[in-house]
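# A look at the structure
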Amino acid sequence: MKDTLTDANFPRTADGRVYHLGIKSGEVANRIVTVGSISRAEGISKYFDASPKPFSLYSERGFLTITGRYRGVPVSIVCIGMGGPNVDFFVREVRECVEGDVLIIRLGSCGCLTDLPVGSLILPKASVAVTRNLDFDFENGDHFSTPYRLSKPISADSDLLMTLQRALESTRPLAASNPIVTNAVNASTDSFYSSQGRQTSFQDHNSGLIDHLKETIPNMTSLEMETYWIFHLAASWKGFARPSPAVNPPLATGPVIPSNDESNPDGAKFLGDTFVSRVEKEEIPRPLIRAAAVQM
Ligand code: R1P
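Residues numbered from 1 in each chain as written. Predicted model: local features only at pLDDT ≥ 70, side-chain atom pairs only at ≥ 80, totals over all residues. Heavy atoms only, no water.

The next subject is the site of the ligand. What surrounds the ligand is the set G36, R40, M82, R106, G108, S109, F192, E224, M225 and E226. Here an oxygen atom of the ligand and a side-chain polar atom of R106 are 2.8 Å apart. Here E226 contributes a side-chain N or O atom positioned 2.6 Å from an oxygen atom of the ligand. Starting from 340 Å² of accessible surface for the ligand in isolation, the protein chains cover 82%. (Near = heavy atom within 4 Å. Polar contact = N/O pair within 3.5 Å; in protein donor to acceptor, adjacent residues only side chain to side chain. Areas by Shrake-Rupley, 256 points an atom, 1.4 Å probe, with all protein chains shown as cover.)

Moving on to helix α3 (residues 158-171). Its 14 residues give α3 an end-to-end C-alpha distance of 20 Å, which sits within 8% of 20 Å, the value for a rise of 1.5 Å per residue. Among the residues of α3, L160, L161, L164 and L168 are the ones counted as buried. Relative to the axis of α3, the buried residues are bounded by an arc of 100 degrees and lie together on one face. Structural note: α3 exposes S158, R166 and S170 on the side pointing more than 90 degrees away from its buried face. Structurally, α3 contributes buried residues whose contacts are with β5 (102-108), β7 (121-122), β11 (180-181) and β14 (289-295). (Helix = DSSP H or I, 4+ residues; strand = E, 2+ residues; numbered from the N terminus. Expected span 1.5 Å × (residues − 1). Buried < 20%, exposed > 50% of the residue type's maximum accessible area, 1.4 Å probe, protein only. Arc of directions from axis to C-beta. Contact = heavy atoms within 4.5 Å.)

What follows is about the pattern of salt bridges. On inspection of all chains with the given rule, the structure shows nine salt bridges. Between E226 and R106 there is a salt bridge, with the nearest N and O atoms lying 2.9 Å from each other. Here the residue E226 occupies a position in the loop between β13 (220-224) and α5 (227-236), and R106 occupies one in strand β5, the gap between them amounting to 120 residues. Residues E226 and R106 agree in their burial class; the two are buried. For D204, the salt bridge goes to R132, with nearest N and O atoms at 2.7 Å. (Salt bridge = Lys/Arg side-chain N within 4 Å of Asp/Glu carboxyl O.)

You can see E224 is positioned in strand β13. A polar atom in the side chain of E224 sits 2.9 Å from the side chain of N186. A distance of 2.6 Å separates polar atoms of two side chains, one belonging to E224 and the other to S188.

What follows concerns the pairing of strand β4 (residues 73-79). In terms of residue burial, β4 counts as a mostly covered element, since five of its seven residues are buried. Two elements, strand β1 (residues 31-35) and β4, share four bridges in a ladder whose sense is parallel. Within the sheet, the bridge partner assigned to V35 lies in β4 and is C79. Bridge count between strand β3 (residues 64-70) and β4: seven bridges; the pairing is antiparallel. (Pairing = 2+ DSSP bridges.)

The next thing to look at is helix α4 (residues 209-216). Taken residue by residue, α4 has L209, I210 and L213 as its buried positions. Around the axis of α4, the buried residues are gathered within 100 degrees of arc, so they sit on the same side.

So, on to unusual backbone geometry. Of the consecutive residues S51 and P52, the connecting peptide bond is found in the cis state with omega at 0 degrees. Tracing the chain through its elements places P52 in the loop between α1 (38-45) and β2 (55-58). Non-glycine residue H205 carries a positive phi angle of around 50 degrees. You can see H205 is positioned in the loop between β12 (185-189) and α4. Classification of H205 as partly exposed rests on a relative accessible area of 36%. Of note in the backbone geometry, N219 takes a positive phi value of approximately 65 degrees without being a glycine.

Let us now look at the side chain of T227. As for its placement among the helices and strands, T227 is situated in helix α5. Classification of T227 by relative accessible area gives buried; the value is 1%. Among all residues touching T227, those that are not within four sequence positions of it are R106, S127, N186, S188, A293 and Q295.

We now examine the packing of aromatic side chains. This model, assessed by the stated rule, comprises five aromatic pairs. The interplanar angle of 75 degrees and the centroid separation of 6.2 Å between the aromatic rings of F138 and Y148 together place this pair among those described as edge-to-face. Of this pair, F138 sits in the loop between β8 (126-132) and β9 (148-150) while Y148 sits in strand β9, and the two are ten residues apart along the sequence. When its relative accessible area of 11% is taken as the criterion, F138 is described as buried. Aromatic side chains F192 and Y193 sit 5.0 Å apart centroid to centroid with 85 degrees between the ring planes, which places their arrangement in the edge-to-face category. Accessibility expressed as a relative area gives 37% for F192, which makes it partly exposed. Clustering of aromatic rings is evident, with ring pairs tying together F136, F138 and Y148. Across the ring face of F138, the terminal group of R132 is positioned such that the distance to the ring centre comes to 3.8 Å. Against the face of F192 rests R198, its NZ or CZ located 3.7 Å from the ring centre. (Phe/Tyr/Trp six-rings, centres within 6.5 Å; stacked < 30°, edge-to-face > 60°. Lys NZ or Arg CZ within 6 Å of the ring centre and 35° of its normal.)

So this is what it looks like as structure tokens:
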């Protein structure tokens, strides 16, 4: 399969499929619910309209994309498994398959650092990353550095968050036993074990980590492994997709990159009054990736 891949910067098969999710343009919608488990993805997809029949693709790298319509609106459910590296494949490869804004809602489970009852829904307003400091001396202990690093917080998309909150409140009975919590900060970790403070047989130097998180970050409420990376990538996208010359015909208004990029010589054809320059001149709005999360 690698023999048929085009473009070392952004590998695709000859028929335009991104390398790890296995999808191509037209097979994923701009509105995406991402989950971690296959059964959750398949369960949600049962709410899709019966017609047209949903599209489903399970990639050889373990990503499942189900695209259908909910009350006539195209929606995709993408099962990405766990952790930041899988988020990176997901966000970058989906972004190359659609034009315009992309809306991503992560629907996932989390650990809770407060006394919220089971059944609560947390819609975090922001997320921080907690990552193992690989330069710390985990074998012998280390007085000169800290074993875990905390990033600055990054926010959910405020419009999407508010829309999500309203939708949930209108469809779900409000009760003290299952509140919807919005004034919460989430932490996404790079391990289910060490950087979530679990005590195992490894020398993780993490016994004070949870207390440190709660003391350092106001409203710290939940722990999971993906939300921060989704918010981070959404915020760092520059607004232009790479064209796939083999698949997308040159479009005067299509999303293209102007380029001195030798791997994409065809991009140069589209210089001029293109999508990019029109965005830069603020004639048309820059497309966005908007992201929010619902945690159970
Ligand atoms: C770990 O067991 C997994 O569960 C949580 C974590 O983020 C991690 O992915 O979420 P999901 O149940 O949504 O996968």
